[in-house]
Amino acid sequence: MTTTFESTPREDGFRMPGEHEPHEEIWMAWPERCDNWRNGAKPAQEAFVNVAKAIAEVTPVNMAVSASQYDNARHQLPDHIRLVEMTTNDSWMRDIGPSYVVNGKGERRGVDWEFNAWGGLVDGLYFPWDRDDQIASKICEFHRDGRYRAPIILEGGSIHVDGEGTLYTTEECLLHESRNPDLTREELEEVLKAHLSVEKVVWIPRGLYNDETNGHVDNLIHVVKPGEVILSWTDDQDDPQYEISQEAYKALSEATDAKGRSIKIHKMYVPGPLFMKEEEASGIDACDGMEREAGERLAGSYANFLITNKRIILPLLDPAHDEQAKVLLQDVFPGYEVVGVDAREILLGGGNIHCITQQVPVV
């Protein structure tokens, strides 16, 4: 039985490490919802397999999978990727898995946020979401790690930390009426500071254009290391993303981090713009919460990559821009290997590689 602590990580001397710090394992969850993934989720499953393989070369991967899909997943995945039978509502492990915190004594605990499918009954993407809300505690149980049940609704993709006291998020998501309408910005900041041991919250106005998560920060920026971020960018003034990126650049430029540093910003051009094709939309079952229609602008972003153990897993989304994104990452991350994986099928479901992965830090 996993111990659930009534205190907070800050009180107990735990902090959330940055993604660039060493990982022991990575968790993913197998896609199968036919109202989110087209053609019975077969193309998405292939993409998830390729992401898992790219990660598993440097970091062990655990794949949560339902009982009904277990044999199928085992057939598709190589033997060194471990399957763990867990029932989920969908497969966005970043948002449903625990945000891990560590101390200097070799201990690790998970922060288990409340999850309401990106908006609950206000504008959530599906109902029910109870299985997803159980995943963080199940993962803590699996690793025999203690947990904290945080008192707010929050998804892992809505925050980035630098490991040295700074947290990045968007006002669009965390202050949205569908998350924690009873809390002020200051009260939210206090919960974040107490549960992740951060000292400074850098607020960015909005997330990526047409992001159905209400603007998750991980689709707009990525933390390279303390004091340095990548920002999704476009020079096209007619693109609705232009104004969003300008706002974000201004907010980041005017901010300092927890250590008082000015933030270095690398501009990373967005792919496309990309749109859902007729044949892609026609393969998806109808659903109340999720809009999946031909011609819909996809929230494509190269910033939605994963850093794990000196390797970057980069979503390949647009032949016209893929190489440019790869070159930037190789420049920004010296000593890292950049591995691209075709990720359009993941994007069609509403997110990307960062959204479908969650790291367990080394202790």
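Residues numbered from 1 in each chain as written. Predicted model: local features only at pLDDT ≥ 70, side-chain atom pairs only at ≥ 80, totals over all residues. Heavy atoms only, no water.

**Here we look at the packing of aromatic side chains**
- The final tally for this structure, using the stated rule, is 10 aromatic pairs.
- Ring plane angle 35° and centroid distance 5.5 Å describe the contact between Phe5 and Tyr148, whose orientation is recorded as tilted. Pair noted here: Phe5 is in the segment before helix H1 (9–12) and Tyr148 is in strand S6 (residues 146–153), with a separation of 143 residues, a long-range link.
- Of the aromatic side chains, those joined through ring pairs into one cluster are Trp37, Phe48 and Trp92.
- Positioned above the aromatic ring of Trp203 is the side chain of Arg185, whose terminal nitrogen or guanidinium carbon lies 4.8 Å from the ring centre.
- For Lys267, the ring lying beneath its charged end belongs to Tyr249, and the centroid distance is 4.9 Å. (Phe/Tyr/Trp six-rings, centres within 6.5 Å; stacked < 30°, edge-to-face > 60°. Helix = DSSP H or I, 4+ residues; strand = E, 2+ residues; numbered from the N terminus. Lys NZ or Arg CZ within 6 Å of the ring centre and 35° of its normal.)

**A word on the environment of Asp236**
- With respect to the helices, strands and loops of the structure, Asp236 is situated in the loop between strand S11 (228–233) and helix H9 (240–254).
- Among the polar contacts listed, one links the side chain of Asp236 to the backbone nitrogen of Asp238, at a separation of 2.9 Å. (Polar contact = N/O pair within 3.5 Å; in protein donor to acceptor, adjacent residues only side chain to side chain.)

**Comments concerning empty space enclosed by the protein**
- Under the counting rule described, the total for this entry stands at 6 cavities of 30 Å³ or more.
- Counted as a void, the largest cavity has a volume near 120 Å³.
- Taken together, 16 residues form the lining of the largest cavity, with Met16, Glu19, Ile159, His160 and Val161 sitting closest to its centre.
- Put simply, the parts of the chain that give the lining of the largest cavity at least two residues each are strand S7 (160–161), strand S10 (221–225) and strand S16 (358–361).
- Its residues assigned to classes, the lining of the largest cavity comprises 5 nonpolar, 9 polar and 2 charged.
- Lining the second largest cavity are 14 residues, and of these Trp92, Trp118, Leu125, Thr213 and Gly350 lie nearest its centre. (1 Å grid on protein atoms, 1.4 Å probe; cavity = no way out; pocket = protein on both sides within 12 Å on 5 of 7 lines; lining within 4 Å. Points joined across faces, edges and corners; volume = space filled by probe spheres on them. Nonpolar A, V, L, I, M, F, W, Y, C, P; charged D, E, K, R; others polar.)

**Overview of helix H6 (residues 130–143)**
- Of all the bends in H6, the largest measures some 35° and sits at Ala136.
- Buried residues of H6: Asp132, Ile135, Ala136, Ile139, Cys140 and His143, and no others.
- Positive phi shows up at Arg144, right after H6, with a value of about 55°. (Bend = angle between axes of the 7 residues up to and from the residue. Buried < 20%, exposed > 50% of the residue type's maximum accessible area, 1.4 Å probe, protein only.)

**Points about the nonpolar core**
- Ranked by internal contacts, the top residues of the largest apolar core, which has 73 residues, are Met28, Leu77, Leu329, Phe333 and Ile346.
- Tallying contributions element by element places helix H2 (residues 42–56) first for this core, with 9 residues.
- Residues contacting Met28, with those up to four places away along its chain left out, are Phe48, Val51, Ala52, Ile55, Val61, Asn62, Met63, Ala64, Met93, Ile356 and Thr357. (Core = buried A, V, L, I, M, F, W, Y, C linked by side-chain atoms within 4.5 Å. Contact = heavy atoms within 4.5 Å.)

**Quick look at the side chain of Asn103**
- Of note, Asn103 is situated in the loop between strand S4 (99–102) and strand S5 (108–114).
- Using a relative accessible area of 14% as the deciding quantity, one classes Asn103 as buried.
- A polar side-chain atom of Asn103 sits 2.9 Å from the main-chain amide nitrogen of Lys105.
- Among the polar contacts listed, one links the side chain of Asn103 to the backbone nitrogen of Gly106, at a separation of 3.4 Å.
- If near-sequence neighbours (up to four positions away) are discounted, Asn103 is found in contact with Gly13 and Phe14.

**So, the sheet that holds strand S14 (residues 311–316)**
- With mixed pairing, 3 strands are arranged side by side in an open sheet as S13-S14-S15. Both edges of this open sheet fall to strand S13 (306–308) and strand S15 (337–342), since each of them pairs with a single strand only. Pairwise comparison of adjacent strand axes, ignoring direction, gives a mean angle of 25° for this sheet.
- Taken together, the 6 bridges between S14 and S15 define a ladder with parallel strand orientation. Pairing of Pro315 across the sheet is with Val341, part of S15. (Pairing = 2+ DSSP bridges. Axes fitted to C-alpha atoms, helices over the stretch in contact; angles between N-to-C directions.)

**A look at unusual backbone geometry**
- A cis geometry characterises the amide bond from Phe127 onward to Pro128, with omega recorded as 0°.
- Within the secondary structure layout, Pro128 lies in the loop between helix H5 (120–123) and H6.
- Residues Gly272 and Pro273 are joined by a peptide bond in cis, for which omega reads 20°.
- Locating Pro273 in the fold gives a position in the loop between strand S12 (264–269) and helix H10 (278–281).
- Of note in this structure, Asn39 is not a glycine but carries a positive phi near 50°.
- When you line up the elements, Asn39 lands in the loop between strand S1 (23–29) and H2.
- Phi is positive for Arg144, which is not a glycine, with a value near 55°.

**A short note on the sheet that holds strand S3 (residues 82–85)**
- As summarised here, the arrangement of the 4 strands in space is S3-S2-S1-S16, forming an open sheet in which the pairing is mixed. Across the chains shown, the open sheet's two edge strands, defined by having one partner strand only, are S3 and S16. Pairwise comparison of adjacent strand axes, ignoring direction, gives a mean angle of 30° for this sheet.
- Where S1 and S16 come together, 4 bridges link them in antiparallel fashion. Considered in S16, the bridge of Trp27 is made with Gln358.

Honestly, that's just the spatial picture; any functional story needs more than this.
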